[in-house]
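Fold and contact review
Listed here are the chains, written in short residue letters.
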Amino acid sequence: MTLDAQSRPPSPLRRGFALPAPALLALYGAALIAPLAAVALSAARRQGFWREFSTGAGLVAFALLAMQFVLSGRLRTLSGRVGIDLTMRWHQLAARSLGVLVVLHPLLYAASSRLAPGLQPLTTAMHRLVALLTLRAYASGVAGWLIVLALIAAGLLRHRIAVRYEVWRVTHAVGGVLAVLLIAHHAFHVGLYANDPAVRICWILLLLVATGMFAFIYIVKPLMLSRSPYRIRGNLAVADGIREIILEPVRETRVGFAAGQFAWFSLGRWPWPGLDHPFSIASSPAELPTVRLLVKESGDFTRTIGDLPLDAPAYIDGPHGNFTLAGRTWDSLCLVAGGIGIAPGARLLRELHARRERRPIALIFAARTAHDLVFRDEIERMTDVLDLHVTCTVEQRTDGWQGAVGMPDLATIRSAARCRQPRRCLALLCGPTPMMLAAERHLAEIGIPRHRIVYERFGYD
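To start, this report covers the structure provided alongside it. (Residues numbered from 1 in each chain as written. Predicted model: local features only at pLDDT ≥ 70, side-chain atom pairs only at ≥ 80, totals over all residues. Heavy atoms only, no water.)

**A few points about the overall build of the chain**
For clarity, the cut-off: Secondary structure follows DSSP: runs of H or I at least 4 residues long count as helices, runs of E at least 2 residues long count as strands, and numbering of each begins at the N terminus. Residue burial is assigned from relative accessible area. The probe radius is 1.4 Å, only protein chains are included, and a residue is buried under 20% of its type maximum, exposed over 50%, and partly exposed in between. In short, Shrake-Rupley with a 1.4 Å probe defines the accessible areas, and a residue's cover is counted only from the protein chains shown. Within this scheme the basic residues Lys and Arg register as positive and the acidic residues Asp and Glu register as negative, but His and the chain ends are omitted. By convention, the charge on Lys lies at NZ, on Arg at CZ, on Asp at CG and on Glu at CD.
Regarding its fold elements, the chain presents 12 helices and 12 strands. Overall, the chain is about 85 × 50 × 40 Å in size when its C-alpha atoms are taken along their principal axes. The buried share of the chain, reckoned over its 461 residues, is 51%. Total accessible area computed for the chain in this model is approximately 22,000 Å², and 61% of it derives from carbon and sulfur atoms. Charge-centre separation for the chain: the mean point of 50 positive side chains lies 9 Å from the mean point of 32 negative side chains.

**Examining the environment of P20**
Note that P20 resides in the segment before α1 (21-41). You can call P20 partly exposed: its relative accessible area is 35%. Sequence separation of P20 and V82 is 62 residues, and the distance between their C-alpha atoms is 7.2 Å.

**Details of the environment of L178**
If you trace the backbone, L178 turns up in helix α7 (residues 165-190). The exposure class of L178 is partly exposed, given its relative accessible area of 41%.

**Section: the sheet that holds strand β2 (residues 242-249)**
Two modes of strand pairing occur in sheets, parallel and antiparallel, and in both the strands are linked by backbone hydrogen bonds. Stated precisely, the cut-off is as follows: Strand pairing requires that DSSP identify at least two bridges connecting the strands. Angular values range over 0 to 180 degrees, each being the angle between N-to-C directions of two axes fitted as lines to C-alpha atoms, with helices fitted over their stretch in contact.
Pairing is antiparallel in the open sheet, where six strands are placed in the order β4-β3-β6-β1-β2-β5. The open sheet terminates on both sides in strands that have one partner only, identified here as β4 (277-280) and β5 (291-296). In this sheet, neighbouring strand axes are inclined to one another by 40° on average, regardless of whether the strands run parallel or antiparallel. Judged from the five bridges that link them, strand β3 (residues 262-267) and strand β6 (residues 313-320) form a sheet pairing that is antiparallel. Opposite L267, over in β6, you have A314 as the bridge partner.

**Topic: the packing of α7 against helix α8 (residues 197-225)**
The condition that has to hold: Just so you know how the angles are binned, under 35 degrees is roughly parallel, over 145 roughly antiparallel, 65 to 115 roughly perpendicular, and the rest oblique. By definition, turning the near helix anticlockwise from the far helix through less than a right angle yields a left-handed crossing, and turning it clockwise yields a right-handed one. Contacts: residue pairs with any heavy atoms within 4.5 Å of one another. Throughout this entry, Asp, Glu, Lys and Arg are counted as charged residues, while Ala, Val, Leu, Ile, Met, Phe, Trp, Tyr, Cys and Pro are counted as nonpolar. The remaining residues, Gly among them, count as polar.
Contact pair α7 / α8: the axes reach a minimum separation of 11 Å and the direction vectors enclose 160°. With respect to each other, α7 and α8 are oriented roughly antiparallel. As for the relative orientation of α7 and α8, their crossing is left-handed in sense. Taking contact as the criterion, the partners of R169, A173, V174, V177, V180, L181, A184, A187 and F188 in α7 are, on α8, R200, W203, I204, L207, A210, T211, F214 and Y218. A per-class count over the contact of α7 with α8 returns 14 nonpolar, one polar and two charged.

In structure tokens form, the structure reads like this:
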């Protein structure tokens with residue numbers, strides 16, 4: 001089947017209900033300003049500018065903290081339209097804003113104190129701050145305050161802390177829900193508007209959102225996943241440090257996905273939250289119910305993935321991601337893949353090959369060595385059907401390699417992209433973050449609009 005430039009290819013994935021970005025932004029903003037609106041409508045006597053400012057900072061901080069559970073909950077209602085890349089980035093930026101407001105809340109409250117006889121304003125504020133942090137009445141708020149700051153610091157320094165990824169994830173989630181409970185206790189008992197019905201309703205709703213999402217992620221979702229188990233049918237080394245894991249469903253139920261998506265995989269007898277890992281799906285939708293993963297042995301977990309025995313149980317949480325052709329129009333397609341990033345690119349090419357696509361396609365594939373150019377032979381065989389031009393580059397010239405050496409630069413991308421009409425070209429990037437950012441810049445320089453450059457990443461700091 002050949003698709004014209006304006007057609008929208010059908011996806012085998014049942015996406016379900018997914019909100020558009022403007023609706024998500026409106027709902028998120030409403031959740032943040034609802035407590036402030038309740039305070040503004042309250043008939044309670046005002047406490048002065050700085051104390052009200054402090055209260056407002058605390059209210060928005062609590063709303064941000066509660067909504068963090070929604071952003072990190074892998075809800076396809078959120079990520080189905082905008083992509084999980086944006087929702088996770090949003091989660092990280094919100095954490096930074098949360099940290100600023102959490103610090104401001106006690107400082108502004110201390111600064112609002114009346115001057116004591118014979119004391120300077122700064123001295124009075126310091127005395128008040130010490131009292132706030134040491135009085136028993138404020139103990140729950142102070143504990144929650146410290147936990148939030150510790151979680152934010154751990155998130156910013158995660159790649160520099162010698163702790164396993166699974167340990168970090170579990171402590172991050174448990175610490176977050178503990179902070180929500182402590183801060184809610186503080187707000188209900190000593191908040192300036194603790195007795196205002198509208199404000200209390202906002203706090204209760206936000207508390208239910210946070211605890212409800214925690215229960216969904218750590219109780220409901222594992223129970224749902226346990227009903228659709230998979231087993232490992234293959235565990236193959238396909239390149240140096242890269243393995244292909246082949247999964248098949250135990251029962252008739254199976255996951256559906258669009259080419260280019262990924263999923264979180266739990267390998268073990270139970271889909272324990274915090275012990276799952278995101279991997280790209282290397283197989284095409286046509287291969288269902290078999291699911292193939294391409295895994296790079298780079299972390300504590302992935303370095304031992306070659307030891308997983310055949311028939312070991314596994315679970316799939318997905319699909320996720322917006323790195324697909326579904327719903328996108330294009331006259332020409334440019335794929336830029338780096339290393340293990342070839343997994344979704346190869347999957348997209350397999351789908352296009354099955355459709356006998358005739359529009360021009362360019363693949364720019366970069367790897368460490370020629371041996372790491374996974375699927376190269378299979379992709380080059382696709383040129384018998386696809387109008388496909390493949391450009392490979394390596395970082396190290398080994399094994400008699402005669403092709404290009406180095407990361408794809410502007411000259412390489414300009415000559416290989418095949419974009420006669422750049423504004424109608426669609427570019428999809430997958431690989432190491434520095435490579436994707438450089439490729440995005442080069443593609444924009446040759447005239448491809450940035451909204452037509454698609455990629456998803458999971459490391460930002």
